[in-house]
Amino acid sequence: MNEQQLQQLTEHLSITFFHKPFLHSARFNARLRTTGGRYLLSTHDIEINPLYLEVGEDEIVGIIKHELCHYHLHLEGRGYQHRDADFKILLNKVGAPRFCQALPRINKRQASILHIYRCLKCSQNYSRKIRMNTEKYRCGKCSGRLGYIGIKKL
């Protein structure tokens, strides 16, 4: 899906579910990390996290409907924030999710590496996400020195 298709989908969903036109722009924003999308109050634009394309089109449709709830309520001068009753009622009316699914892993490179250490005395293994100073730490089992074995990729 490209930006033009996202714009058309947003306009279509706005007419279909809200019976009002979407007169601003919808675009992808790859810098979004912790959210599926956002509605910009100053420009009235909607930004969508492109990582949700991998989850599926149903999830994108849900995110767009959620952001359109913010959009239409804000333009009407009604309660557009998550805590407002108007927002919650409109979410239920159009079948938009309150929250989007969590992405499986945001930082794939960092989450898939483990550093392996072994006690030189009793051969107890330790795995850590972050490298540690072997001069500073000892084995929790026998207080022996630790040796760095290497990286294990998951």
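Residues numbered from 1 in each chain as written. Predicted model: local features only at pLDDT ≥ 70, side-chain atom pairs only at ≥ 80, totals over all residues. Heavy atoms only, no water.

Before going further, it helps to examine the confidence of the model for the protein chain. When the pLDDT values of the protein chain are averaged, the result is 90; 95% of them are 70 or greater. Across the protein chain, element-level confidence peaks in strand β3 (residues 46–48) with a mean pLDDT of 96 and bottoms out in helix α4 (residues 108–111) with 52. (pLDDT = per-residue confidence, 0-100. Helix = DSSP H or I, 4+ residues; strand = E, 2+ residues; numbered from the N terminus.)

Taken as a whole, this structure holds three aromatic pairs when the rule is applied. Over the ring of F17 we find K65; its NZ or CZ atom is 4.2 Å from the centre of that ring. When the ring centre of Y148 is taken as reference, the NZ or CZ atom of R131 above it lies at 4.0 Å. (Phe/Tyr/Trp six-rings, centres within 6.5 Å; stacked < 30°, edge-to-face > 60°. Lys NZ or Arg CZ within 6 Å of the ring centre and 35° of its normal.)

Let us look at the nonpolar core. Within the largest apolar cluster, 25 residues are counted, with the highest numbers of intra-cluster contacts made by I46, I48, I64, L68 and C69. Those elements that provide at least two residues to this core are α1 (3–18), β1 (26–28), β3, α2 (57–76) and α3 (85–94). Of all the elements, α2 adds the most residues to this core, at eight residues. Other than its neighbours up to four places away in sequence, I46 contacts T10, F22, S25, A26, R27, R38, Y39, E67, L68 and Y71. Among the nonpolar cores identified, the runner-up in size contains five residues, and Y117, Y126, C139 and L146 belong to it. (Core = buried A, V, L, I, M, F, W, Y, C linked by side-chain atoms within 4.5 Å. Buried < 20%, exposed > 50% of the residue type's maximum accessible area, 1.4 Å probe, protein only. Contact = heavy atoms within 4.5 Å.)

α2 packs onto α1 with a crossing angle of 65° between their chain directions and a minimal axis gap of 10 Å. In the crossing of α1 with α2, the sense of the turn from one axis to the other is right-handed. The segment α1 lies against α2, with L6, L9, T10, L13, S14, F17 and F18 engaging I60, V61, I64, K65, L68, C69 and H72. (Axes fitted to C-alpha atoms, helices over the stretch in contact; angles between N-to-C directions. Left-handed = near helix turned anticlockwise from the far one by under 90°.)

Turning our attention to the pattern of salt bridges. Evaluation of the coordinates by the stated rule reveals seven salt bridges. Two residues, D86 and R78, come together in a salt bridge whose shortest N-O distance is 3.8 Å. Look at R78 and you get partly exposed, because its relative accessible area is 41%. In this structure, a network of salt bridges that share partners links the residues K20, E76, R78 and D86. (Salt bridge = Lys/Arg side-chain N within 4 Å of Asp/Glu carboxyl O.)

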